[in-house]
Amino acid sequence: VVPDLTLGNSVRIPQLGFGVFQVPPGRTQEVVEDALAAGYRHIDTAAAYGNEAGVGAAIAASGIERSEIFVTTKLRNGDQGRARAAFLDSRRALNLDVVDLYLIHWPVPSQGMFVQAWKELEALYRDGYMRAIGVSNFLTDHLDALYEQSQVLPAVNQIELHPGFQQAALAAETMSRGIAVEAYSPLGQGTELAGTEVAALAGKYGATPAQVVLAWHLGSGRIVIPKSANSERMRENLAAAGLELTEEELAVLDGLDGGRRLGADPATADFSQF
Ligand code: A2P
């Protein structure tokens, strides 16, 4: 069973969730229904993925009590100047009254609007539209700007993090501020499963490489949102919650860091697709 992690505002989040980045909108309902049937109770989507409606339809079709499922969505970059309206659009697409966690998807510092957007999220949060608010792809200076200019501490910072690209300094700084780290592309989009160190641990525990990598995230105190379009691999990944690595074994994976970023760089990339 997946443990909960308690966020800074005391809201509990299942530490292992299911991500739907790049799940085609037309397949999302079916994939999320599979994930819920496999036992996932935490779904991570975004307005920019175009698949919120499929997530909402799957939740409705599942018959699972709303309070049993934790749902995250994110503010699109182009919507930072209309955060309230964009949030209400997402809420409608998801067919939910309350969103569990709402994130600013990227800081887009060149746009100069993320602090203003955050203040709108704060107001929505105070009005009870979401149980927690947070950020994604924020670097330390972006967190500093929020800290200096706003009232509510982000509950999470969701960042690219896998064995090949660990952002260890940013992750440690985020956690030390009382902000939970959520790892996206936690398996390196499938590219971080072939190493000999991971294989050795998989052999030792009779686990799969993906389970070893996910157990590393969980044992390191991060929230993790692997994705799979395949129900067997969904179940395999969920079962990683039952695998506990030793401190020494966690350190072996810490040692695999290699600057292998897969996604955009929050400081420099062209963010038009988000
Ligand atoms: P598939 O959807 O065919 O299972 P990430 O979560 O880091 O983005 O990684 C997702 C990618 O990793 C997808 O291509 C997915 O393929 C693959 N993947 C997910 N779970 C596993 C697993 N348990 N074993 C192997 N590949 C996996």
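Everything below is about the structure shown above.
Below: a short report on this structure.

What counts and how
- Residue positions are given per chain, counting from 1 as you read along its sequence in written order.
- A pLDDT threshold of at least 70 governs which residues receive local features in this predicted model, and a stricter bar of 80 or more applies before side-chain atom pairs are shown or counted, although totals over entire chains, interfaces and linings include all residues.
- Helix numbering and strand numbering both begin at the N terminus, where a helix is a DSSP run of H or I of at least 4 residues and a strand a DSSP run of E of at least 2.
- Residue burial is a threshold on neighbouring C-beta atoms within 10 Å of the residue's own C-beta, all placed from the backbone, with 20 or more meaning buried, 12 or fewer meaning exposed, and counts in between meaning partly exposed.
- Any two strands with at least two DSSP bridges between them are considered paired.
- Note on contacts: residues are paired as contacts if their backbone-placed C-beta atoms lie within 7 Å.
- Inter-axis angles, ranging from 0 to 180 degrees, are taken between N-to-C directions of lines fitted to C-alpha atoms, where helices are fitted over the stretch in contact.

Considering unusual backbone geometry
Here is step 1 of the chain: At asparagine 137, a position not held by glycine, the phi torsion is positive, near 65°.
Here is step 2 of the chain: For asparagine 137, the position within the fold is in the loop between strand S7 (130–136) and helix H5 (140–149).
Here is step 3 of the chain: In this structure asparagine 137 comes out as buried when scored by C-beta crowding, with 25 C-beta atoms within 10 Å.
Here is step 4 of the chain: One non-glycine residue, glutamine 167, lies in positive phi territory at about 45°.
Here is step 5 of the chain: Following the sequence through the fold, glutamine 167 ends up in the loop between strand S8 (156–160) and helix H6 (168–176).

Remarks on the sheet that holds strand S5 (residues 70–75)
Here is step 1 of the chain: Reading across from one edge, S3-S4-S5-S6-S7-S8-S9-S10 is the order of the eight strands in this open sheet, with parallel pairing throughout. The open sheet is flanked by strand S3 (18–19) and strand S10 (223–224), the only strands paired with a single partner.
Here is step 2 of the chain: In terms of strand pairing, strand S4 (residues 42–44) meets S5 through three bridges, oriented parallel. When the bridges of S5 are listed, aspartate 44 appears paired with threonine 72.
Here is step 3 of the chain: Lying on the sheet, helix H3 (residues 83–94) is in contact with S5 and strand S6 (99–104); it crosses S5 at an angle near 140°.

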